[in-house]
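# Reading the structure
Letter by letter, the chains look like this.
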Amino acid sequence: MSNFNMENDMGYLATMTEDERVIFLKVLAKLAMSDGEFDDEEKLFIREMGLVLGVPESRYDEIKTKASDEEIVEAVKLIKDRKKAMALIKEMCLLANSDGDLSDDEVLLIGRVGQSMGLELEKVEQISQWVIDRIVWLEQGKIIFEKV
């Protein structure tokens, strides 16, 4: 796995439809491209998530197709389960913070996606802060345990 350190708590996967899984990946791909760069680590993250989600290879062209923010915000309305919505926001925050450069476009897209799925902005901010705290905590661990 990449160094994104995806959470092991992915029980929501068992209840996701194939369309929800494709939307999940399509949103992550859109986010990865939103800063104008789609680097190798982001591509690896999308590929690994596709494997974890069990998305058929035949749907990858659909996932890679560029979509507007409006199309993404509309598509995520299919995800009605709160736990799935929070999981998507968590993965978006992990991906957006992975390159150390959280852009305004990424923040805006994460907020819009969260609201479109019925999450309050306060909840989106909580998840984002948790991800940032976790990244800091992991980096401190590397220093403490001399894994630098």
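Residues numbered from 1 in each chain as written. Predicted model: local features only at pLDDT ≥ 70, side-chain atom pairs only at ≥ 80, totals over all residues. Heavy atoms only, no water.

### A few points about the overall build of the chain
Each helix and strand in the chain was counted, giving seven helices and zero strands. Put simply, the chain runs from its N terminus to its C terminus through helices and strands in the order α-α-α-α-α-α-α. A globule of 148 residues ought to have a C-alpha radius of gyration of about 15 Å, and the chain, at 15 Å, matches this closely. Projecting the C-alpha coordinates of the chain onto the three principal axes gives extents of approximately 45 × 35 × 30 Å. Burial analysis of the chain (148 residues in total) assigns 44% to the buried set. Long-range pairs, those at least 24 residues apart, make up 81% of the contacts in the chain between residues at least 6 apart in sequence. Surface exposure of the chain reaches about 8,400 Å², of which carbon and sulfur atoms provide 52%. With 19 positive and 32 negative side-chain charges, the chain shows a spacing of 5 Å between the two charge centroids. (Helix = DSSP H or I, 4+ residues; strand = E, 2+ residues; numbered from the N terminus. Rg over C-alpha atoms; globule rule 2.2 N^0.38 Å. Buried < 20%, exposed > 50% of the residue type's maximum accessible area, 1.4 Å probe, protein only. Contact = heavy atoms within 4.5 Å. Areas by Shrake-Rupley, 256 points an atom, 1.4 Å probe, with all protein chains shown as cover. Lys, Arg positive; Asp, Glu negative; His and termini not counted. Charge placed at Lys NZ, Arg CZ, Asp CG, Glu CD.)

### Points about unusual backbone geometry
Unlike most non-glycine residues, glutamate 146 shows phi in positive territory, near 55 degrees. Within the secondary structure, glutamate 146 is located in the segment after α7 (121-144).

### Observations concerning the pattern of salt bridges
Overall, the coordinates contain 11 salt bridges when judged by the stated rule. Residues glutamate 20 and lysine 84 are paired through a salt bridge, measuring 3.0 Å at the closest nitrogen-oxygen approach. One end of the pair, glutamate 20, is in helix α1 (residues 18-33); the other, lysine 84, is in helix α5 (residues 82-97), with 64 residues separating them in the sequence. Looking at lysine 84, the relative accessible area reads 8%, which means it is buried. Glutamate 120 serves as the salt-bridge partner of arginine 82, at 2.9 Å between the closest nitrogen and oxygen. Residue arginine 82 is found in helix α5, and its partner glutamate 120 is found in the loop between α6 (104-116) and α7; the two are separated by 38 residues along the sequence. Relative accessible area serves as the criterion here: at 36%, arginine 82 is assigned to the partly exposed category. Overlapping salt bridges, with partners in common, bring together Glu18, Asp19, Arg59 and Glu62 in one network. (Salt bridge = Lys/Arg side-chain N within 4 Å of Asp/Glu carboxyl O.)

Shape is all these values report; function is a separate question.
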